[in-house]
Every structure is written in C-alpha cells, then in structure tokens.
Amino acid sequence: MPFAAIVVLAVGTYALRIAGPLAHHRFTLPPRLQELLSDAAVVLLVALVVTSAVAAGQHPAGWARPVAVLLAGVLVWRRAPFPVVVVAAAATAAGVRLLGVA
Amino acid sequence: MDMRSTGRTRGSGPTALLDRATVRDIALVCLADALVGASFGAISVSGGLPVWVPVAMSVLVFAGGAQFAAVGVVLAGGGPAAAVVAGLVLNTRLLPFGFAVADVLGSRWSALLPGAHVVTDESVAFALRESDVGRRRAAFWTCAVALFLVWNVAVVAGAAAGRLISDTDALGLDAAFPAVLLALVLPSLTRRTGPAAALGAVVALAATPFVSPGLPVLLALVGLVLVVRRTAAEPTPAGES
C-alpha cells in the first residue's frame, strides 16, 4: 500500500465528507441517489465478507475461516455484543485449526 | 451503515448538555471501536504491511470500513488502485451523512474543516438521535473527538501487538476481519438490499479464481441492478427498508 494510495483515499474520503456541508444551501441529494449509495456500500461489504471468508487470494481459504465467519453471522443475528462476535470468530478459527482441520 | 436514528423524543430544552445515557452509549461505542481499531492494526501488520500503513490510514482516512476494505484488498493480493476504489465506494455513504449533519457543522471554517474529517457512521448516528441543534452539536463533537482519539490509539496499539504475533492464522485473526465486517453490515441487510447483496456475493465468488484480487468485490456492484430495477418497477418512490 504506497503512501500515495493512502493520500488519494484520504482526499477522496474528505471530499465526500465535506461536500454535503458545503453544498446543502444550494441543493440536496435526490433520495434515489442516497439510497443507491448506501445500497452500494452494503453490496460491497457483503461481497467482501463472503470472499474474504472463503478465499485467500485466488485460492480457497480452507474450512476454519468460513466456519468461524458463519458462527459470527449467527452471533450477530442473535444480537451478541460486538466484542463477543469478534473474539468468538477468532477463537473458532484457531480451535478448528488446532483440531487439525486446515 | 445502520444509523439507528430512533428519533427518540426527548425534552428539547435549550441546554446543550448531554444526558448520562448518551454519554454512556458514546463510551460503549468507543470501546467497541477500540477493539475494531486494535484488530485493524494487528491484522494489517501481521499480514505483512509496515506499521506506518495502518497508522497513516487511521489518521488521514479515519473511516473503519474503508480502511478494512482497502487493507483487505491489499492483503488478498490486489493492487493499490483496487484498494482505493473499494475504500471510496464504501465511503460514498459519507456523502449523504455530510448533508445530514450540515447544520451541526455550521458554516464557520474553523469548525467545518476539522468537523468534516470526523464525520463517521457513529458521530452522525449520535447527532441524529438528538432533536435540538445544541444537543446535536454536543453529541456529534463528543462522539467524534472521543472516537478519533480512541481509534488512533487503538490502531497504534494493535499494530505494535501485530509485530509480536508471528502466526496470526494460529490465533484465528484472519477470521476476525470478515467477522468485523459482517457485524457492521448485517443490520443493514433489508428486503431491498438482500437480493442485490446475494447476487453481488455470487458474482464476486464466481469471479475470484479468474480475475486479479480486489476486482471481484468491485464486480459485486452489478448486484445493484436488482435494486435499480425494483425501484423503477415500483409505482411509488421506495420508502421501504
């Protein structure tokens, strides 16, 4: 991750943040666009969760990680507190590996 | 993501002081985010990135989801361009957030310029919970400043810890990353976004063995056609979610 890439991401992010406060006297975002932006974030995040759960680069990640993420999903769904979800996921992956399942 | 703007009605007196419950909630959110920040630092460094990368990102970008996304793309072998695009797509949600808290930030440059940098899911959510402008300001700034400090300290601590951990897979830290993202996104899955997200995930998975790392996640955005088609088909503007 070169420093230039971080700067580009930082500048772009700041622009997205400050556009609203600067422009809100002149116009507002159409609700359809607002919805589409937040939907895009959800779609991207879910894809990131799924791909990083089952794949390492272009190859399968083995069983431990998907099993752990599945458990995390159940815990989130059951409204477990955030720290519990994260620790349980890590512990599960570690436990499954300890049992010798890759 | 999920802003949980419950629209609680509360005596909107002129006082800008926050009640105890709000302060406690802000503290809890900071605690949770400290954990996320520490795992971000640890995962980045143990994945092979130099310590300054997660630290610089946290100070300059200051958006947890985008930081995780960008580093996730890089750790999966993707290029910096794909990482930046993934981060920016996640951060597009900050655009409507900026409009939502425009009145809180006001028009004085001395408040606007630093204030814009600390617009996050959390600070916006706390601001929108209050009805009175004074309280909105107090909630926004309290949460935003506390979070900025806590987040960056946690990332540095996590990055330092990450250098000491030699085998992150044995500790299962690689599973913590998708688990964090899942906890962030699951509450935002609705009947509208669910099918689009599912289609996107299938496309991303199918593409993973064939295209260079980082791209599959971006290809998932084709899932949005389901949302667009559905909204277009509805006679009334979609308000359901």
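Residues numbered from 1 in each chain as written. Chains lettered and ligands numbered in written order. Predicted model: local features only at pLDDT ≥ 70, side-chain atom pairs only at ≥ 80, totals over all residues.

### Points about the overall build of chain B
Point 1. Within chain B, the regular secondary structure consists of 14 helices and zero strands.
Point 2. Counting from the amino terminus, chain B carries its helices and strands in the arrangement α-α-α-α-α-α-α-α-α-α-α-α-α-α.
Point 3. When burial is assessed residue by residue, chain B has 51% of its 241 residues classed as buried.
Point 4. Of the contacts made within chain B by residues no fewer than 6 positions apart, 71% connect residues no fewer than 24 positions apart. (Helix = DSSP H or I, 4+ residues; strand = E, 2+ residues; numbered from the N terminus. Buried ≥ 20, exposed ≤ 12 C-beta atoms within 10 Å, placed from the backbone. Contact = placed C-beta atoms within 7 Å.)

### Considerations on the overall build of chain A
Point 1. Counting its regular elements, chain A contains four helices and two strands.
Point 2. The C-alpha atoms of chain A give 19 Å as radius of gyration, which overshoots the globular expectation for 102 residues (13 Å, by more than 25%).
Point 3. Dimensions along the principal axes, computed over C-alpha positions, put chain A at roughly 60 × 35 × 25 Å.
Point 4. Residues counted as buried form 48% of the 102 residues belonging to chain A.
Point 5. If you take every contact in chain A between residues at least 6 apart in sequence, the share linking residues at least 24 apart comes to 41%. (Rg over C-alpha atoms; globule rule 2.2 N^0.38 Å.)

### Overview of the interface of chain A and chain B
Point 1. Every contact between the two is made by 64 residues of chain A and, on the other side, 80 residues of chain B.
Point 2. Elements that contribute at least two residues to the side of chain A that touches chain B include exactly helix H1 (3-23), helix H2 (31-54), helix H3 (64-77) and helix H4 (82-98) of chain A.
Point 3. Per-element tally for the side of chain A that touches chain B: the top contributor is H2(A), with 23 residues.
Point 4. In terms of residue class, the side of chain A that touches chain B is built from 45 nonpolar, 13 polar and six charged. (Nonpolar A, V, L, I, M, F, W, Y, C, P; charged D, E, K, R; others polar.)

### Structural notes on the confidence of the model for chain B
Residues and elements named next belong to chain B.
Point 1. For chain B, per-residue confidence averages 84 on the pLDDT scale, and residues scoring 70 or more make up 89% of the total.
Point 2. Mean pLDDT across the secondary structure elements of chain B bottoms out at helix H10 (residues 168-171), with 78, and peaks at helix H2 (residues 52-60), with 97.
Point 3. Throughout residues 1-16 the model reports pLDDT below 50, and contacts reaching past four residues in sequence, or to other chains, amount to 26 contacts.
Point 4. Across residues 237-241 the pLDDT falls below 50, and counting only partners more than four positions away or on other chains, this stretch makes seven contacts in the model.
Point 5. Reported for the predicted complex are a pTM of 0.75 and an ipTM of 0.84. (pLDDT = per-residue confidence, 0-100.)

### What about unusual backbone geometry?
Point 1. With a phi angle near 60°, A:Arg79 is a residue other than glycine that sits in the positive phi range.
Point 2. With respect to the element layout, A:Arg79 can be found in the loop between H3 and H4.
Point 3. Notably, B:Phe62 is not glycine yet its phi reads approximately 45°, a positive angle.
Point 4. As for its position among the elements, B:Phe62 is in the loop between H2 and helix H3 (64-75).

### Side note on the nonpolar core
Point 1. Judged by nonpolar contacts, the single largest core of 114 residues is most densely connected at A:Leu44, A:Leu45, A:Ala89, B:Ala86 and B:Ala179.
Point 2. Per-element accounting of this core gives the leading share, 12 residues, to H2(A).
Point 3. Setting aside residues up to four positions removed in sequence, A:Ala89 forms contacts with A:Ala68, A:Val69, A:Leu71, A:Ala72, B:Gly172, B:Ala175, B:Ala176 and B:Ala179. (Core = buried A, V, L, I, M, F, W, Y, C linked by C-beta atoms within 7 Å.)

### A closer look at the domain arrangement of chain B
Residue and element names in this part refer to chain B.
Point 1. What the domain assignment reports for chain B is domain 1 (20-186) and domain 2 (189-241).
Point 2. Relative to domain 2, the C-alpha centre of domain 1 lies at a distance of 24 Å.
Point 3. With four residues, the single largest contributor to the side of domain 1 that touches domain 2 is helix H4 (residues 80-91).
Point 4. Its residues assigned to classes, the side of domain 1 that touches domain 2 comprises eight nonpolar, three polar and no charged. (Domains from an automatic or database assignment.)

### Notes on helix H8 (residues 121-129) of chain B
An α-helical turn contains 3.6 residues, so any two residues separated by three or four positions project in the same direction.
Point 1. Taken across its nine residues, H8(B) has eight buried, putting it largely inside the fold.
Point 2. Tucked inside the fold, the buried residues of H8(B) contact helix H1 (20-46), helix H5 (94-100), helix H6 (102-105) and helix H9 (133-164) of chain B.

### Things to note about the packing of H1(A) against H4(B)
Point 1. At a closest axis distance of 10 Å, the pairing of H1(A) and H4(B) adopts a crossing angle of 15°. Relative to H4(B), the element H1(A) lies roughly parallel. Both H1(A) and H4(B) take part in a crossing whose hand is right-handed. Where H1(A) abuts H4(B), its residues A:Ala5, A:Val8, A:Leu9, A:Gly12, A:Thr13 and A:Leu16 lie against B:Pro80, B:Ala83, B:Val84, B:Gly87, B:Leu88 and B:Asn91.
Point 2. Per-class residue counts for the contact of H1(A) with H4(B) are eight nonpolar, four polar and no charged. (Axes fitted to C-alpha atoms, helices over the stretch in contact; angles between N-to-C directions. Parallel < 35°, antiparallel > 145°, perpendicular 65-115°, else oblique. Left-handed = near helix turned anticlockwise from the far one by under 90°.)

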